[in-house]
Structures are given as C-alpha cells and as structure tokens.
Amino acid sequence: MNKKSYFKGIRDGIPIALGYIAVAFTLGIAAKNAGLTALQSTVMSITNITSAGEFAALGLIASGATLLEMAATQLIINLRYCIMSCALSQRLDPKASFWHRLLIAFGITDEIFGLSICAEQNLTPFYIYGVMSIAIPGWALGTCLGTLSGNLLPAGLLRAMSIAIYGMFIAIIVPPCKKNRILAVLITVSMAASAGFTFLPGPARLSPGFRIIILTVVISGIAAVLFPIKENSGEENHDVL
Amino acid sequence: MTYYNTYLYILVMAAVTYLIRVLPLTLIRREIKNTTIRSFLYYVPYVTLAVMTFPAILSATATIWPALAAFLLAIILAWRDGNLFKVAIGACLAAFILEFFISL
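Here is what the cut-offs are and how they apply
Residues numbered from 1 in each chain as written. Chains lettered and ligands numbered in written order. Predicted model: local features only at pLDDT ≥ 70, side-chain atom pairs only at ≥ 80, totals over all residues. Helix = DSSP H or I, 4+ residues; strand = E, 2+ residues; numbered from the N terminus. Rg over C-alpha atoms; globule rule 2.2 N^0.38 Å. Buried ≥ 20, exposed ≤ 12 C-beta atoms within 10 Å, placed from the backbone. Contact = placed C-beta atoms within 7 Å. Core = buried A, V, L, I, M, F, W, Y, C linked by C-beta atoms within 7 Å. Domains from an automatic or database assignment. Axes fitted to C-alpha atoms, helices over the stretch in contact; angles between N-to-C directions. Left-handed = near helix turned anticlockwise from the far one by under 90°. Nonpolar A, V, L, I, M, F, W, Y, C, P; charged D, E, K, R; others polar.

The helix and strand tally for chain B stands at four helices and zero strands. For chain B, the α and β elements follow one another from N to C terminus as α-α-α-α. In terms of C-alpha radius of gyration, chain B reaches 20 Å, well past the compact-globule figure of 13 Å for 104 residues. By its C-alpha atoms, chain B is 50 × 50 × 20 Å across when sized along the principal axes. Looking at chain B as a whole, 47% of its 104 residues are labelled buried. Partitioning the intrachain contacts of chain B with sequence separation of at least 6 by distance along the chain shows that 44% fall at a separation of at least 24.

Right, dumping it as structure tokens:
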C-alpha cells in the first residue's frame with residue numbers, strides 16, 4: 001500500500017519535475033550572475049526549494065544584505081507555506097507520526113502542496129515522498145545546470161516547460177468544478193482578483209508572495225463564511241476535493 | 001557593508017523557510033472541529049492555486065498568445081479528461097508549437 005502510494009506520487013510528480021527543471025534553470029543563471037558557484041546554488045536549492053524565496057535571496061546575497069534582512073525577506077515571501085501547512089495538517093493521515101511530519105514539511109512547496117492536498121482520500125506520507133523524490137531532484141538538477149551552463153537549454157524549450165506547472169494546477173482545480181459550482185465561481189473570482197492586483201498601477205501592486213497570501217486568506221475566508229462546508233457531509237466534500 | 005559567507009545566508013534562509021513549513025504540520029495534530037476554519041482550509045488550495053496560475057501563466061511565453069492558448073487548452077482538457085499528466089504536457093506542447101509558428 002505504501003509502495004503503491006509512493007510510486008503514484010512519483011508518476012503524478014512528473015509535471016512538477018519538468019516545470020522545476022525549467023524554472024530552476026533560470027534560477028541557476030541568476031545565481032551565476034549573483035556570483036554563486038554551482039555547488040552553492042545547488043545546496044541552496046536542495047535546502048530551500050522555493051523559487052520566489054531563492055530569487056529574492058540572490059539579490060540580497062549579491063548586495064551583501066544583513067542576515068536579519070535575509071530572514072525577514074524569507075519570512076514574508078514564504079509565509080504562504082504556513083497556510084498550506086495548516087491545510088495539509090487536516091488532510092494528512094492522522095496516524096502519520098511526528099517524524100513523518102518533519103520530513104513532509106520539508107517538501108511543502110506550492111506545487112507539491114497543490115498535488116498532495118487534492119490527491120488521495122486518506123493522504124499518506126508515502127504519496128508525498130513519491131512526489132518529493134522526483135520534484136526535488138528536478139529542482140536541484142535545473143539549478144545546477146543553469147549555473148554551470150546557462151545556454152544548455154534553448155529559451156523556447158524552457159518557456160514551454162515552465163507551462164507544465166500551470167497545466168498541472170489547472171488539472172487540479174478544474175475537474176472538481178464539474179460537481180461543485182461554488183468552486184467554479186470561487187476560482188473565477190480568484191483569477192480575476194489576482195489579475196486585478198497584478199495589473200494595478202503603483203503601490204497597489206503587491207509583491208507576488210503578498211498577493212498570494214492576501215487573496216488566499218480574504219477569498220477563502222469570505223467563501224468559508226458564505227458557503228460553510230456542512231459537518232455531516234465532510235466525507236462527501238473530500239470526495240469532491 | 002558586511003559580506004557574509006554565502007553558506008551562512010543559505011543556512012538562515014533554509015532555517016526560516018523550514019520553520020514556516022514545519023510548525024503548523026507538527027503542532028496541529030487534531031482534526032479542527034470549527035466549521036468556519038474547516039471550510040476555510042477546504043477552500044484554500046483552490047483559491048491559492050487559481051491565484052498562482054492566473055495571470056502568471058500569461059507571462060510564461062515570449063508573447064502572451066501561446067500562453068493564453070495553453071491556458072484555455074488546459075482548462076478544456078482538464079474539464080473533459082482531468083488526467084494531470086495529459087493536461088500538463090498538452091499545455092506545454094501547445095505553447096511550444098504556437099510560439100514556434102509565431103516566431104517564424
């Protein structure tokens with residue numbers, strides 16, 4: 001059973017790995033420009049696995065920022081993982097031990113979270129390990145290659161590969177809309193709001209990290225008040241999810 | 001201006017990021033009973049993935065059109081079939097081929 005979940009995780013994680021190689025490759029190029037060696041950038045990617053956080057870190061390292069600035073920047077950019085971790089705590093197999101939780105937490109990225117939270121009836125740690133064990137090497141490999149040789153992969157191919165992650169996100173959120181029209185409305189509103197905040201002029205244009213957090217909290221919060229999930233139908237709703 | 005060792009920066013950022021990820025997952029061990037919080041956490045993935053996908057996907061290709069086509073195709077494929085891998089690869093191929101023809 002564990003083995004089955006693990007291999008399903010690997011299979012489902014292929015689009016993440018593809019997208020990660022592409023995005024991490026451009027990260028690797030940026031790392032080289034910031035003065036990092038391939039070893040440094042690869043260590044950074046393996047230990048952090050966060051694209052926005054790592055891109056921001058490169059700027060800070062290059063400019064010789066203080067460690068406090070680094071910590072504060074990472075806190076703000078990556079705060080969304082906190083909400084994701086909360087959501088995951090309610091979907092994860094309640095029997096999953098403390099040690100499993102320590103390991104899984106390491107792999108909470110936008111993509112691995114998105115895939116895991118919608119994957120199984122009773123989410124086992126092994127499914128997440130499967131996803132992690134294909135996605136994280138992809139992230140590390142892309143970073144390493146990008147730092148070593150920024151023109152190894154043609155730009156057009158990289159751009160197309162980076163679409164894989166968005167395609168995966170769409171494949172996660174669209175099918176449940178067929179059974180639950182509230183979700184369809186919610187997703188449309190979310191995308192419209194996201195576009196609105198992205199194209200707003202000047203100070204209203206938030207950084208991507210903040211935009212994700214604020215919109216997620218506000219829109220999910222309003223939806224929770226307007227359309228609460230009934231306690232009795234909890235199981236049913238997980239089916240939809 | 002002080003320049004720290006790069007690995008020290010990496011250590012700090014890794015520690016902060018890991019703490020953000022690990023605290024809720026290890027501290028919240030029980031099922032939350034509050035309906036509003038449960039509902040909130042149920043809606044979170046849909047909202048957050050939608051916000052991350054659009055409009056970010058539109059700037060993934062050199063011009064907006066291949067990405068827009070890939071976005072619409074992914075929605076249609078996801079609605080009809082829903083297979084994760086097929087949707088992801090279909091969107092990639094559409095973007096790649098369209099971008100190639102536009103660049104001709």
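A few words on the nonpolar core. Ranked by size, the top nonpolar core spans 110 residues in total, and within it Ile163 and Met168 of chain A together with Ala91 of chain B carry the most contacts. Two domains each donate at least three residues to this core, and these are domain 1 (2-172) and domain 2 (174-241) of chain A. When sequence neighbours within four positions are dropped, the list of residues in contact with methionine 168 of chain A reads Pro15, Ile16, Glu111 and Leu115 of chain A together with Leu84 and Ala88 of chain B.

This paragraph deals with unusual backbone geometry. Phi is mostly negative for residues that are not glycine, and the peptide bonds are mostly trans. Note that the residue after phenylalanine 54 of chain B, namely proline 55 of chain B, is joined by a cis bond; omega there is 5°. You can see proline 55 of chain B is positioned in the loop between α2 (35-53) and α3 (64-80). Phi at isoleucine 49 of chain A takes a positive value of approximately 45°, unusual for a residue other than glycine.

When two helices pack together, their arrangement is given by the angle between the helix axes and the distance between those axes. Packing of helix α5 (residues 67-78) of chain A against helix α1 (residues 6-27) of chain B brings their axes to within 9 Å, and their N-to-C directions diverge by 35°. Note on packing geometry: the crossing formed by α5 of chain A with α1 of chain B is right-handed. Within the contact between the two elements, α5 of chain A uses Leu67, Met70, Ala71, Gln74, Leu75 and Asn78 of chain A and α1 of chain B uses Leu8, Tyr9, Val12, Met13, Val16, Thr17 and Ile20 of chain B. In the contact of α5 of chain A with α1 of chain B, the residues fall into ten nonpolar, three polar and no charged.

Taken together, the 65 residues of chain B in the interface contact 84 residues of chain A. At the level of secondary structure, the elements contributing two or more residues to the side of chain B that touches chain A comprise α1, α2, α3 and α4 (84-102) of chain B. The element best represented in the side of chain B that touches chain A is α2 of chain B, accounting for 18 residues. A per-class count over the side of chain B that touches chain A returns 49 nonpolar, twelve polar and four charged.

Turning next to the domain arrangement of chain A. Where the parts come together, the accessible area they lose is often given as the size of the interface. All names here are of chain A. Per the domain assignment, the segments of chain A are domain 1 (2-172) and domain 2 (174-241). With ten residues of domain 1 at the interface, the matching set in domain 2 holds eight residues. Among the secondary structure elements, those contributing two or more residues to the side of domain 1 that touches domain 2 are α5, α6 (80-91) and α10 (155-173). The residue inventory of the side of domain 1 that touches domain 2, partitioned by class, reads eight nonpolar, one polar and one charged.

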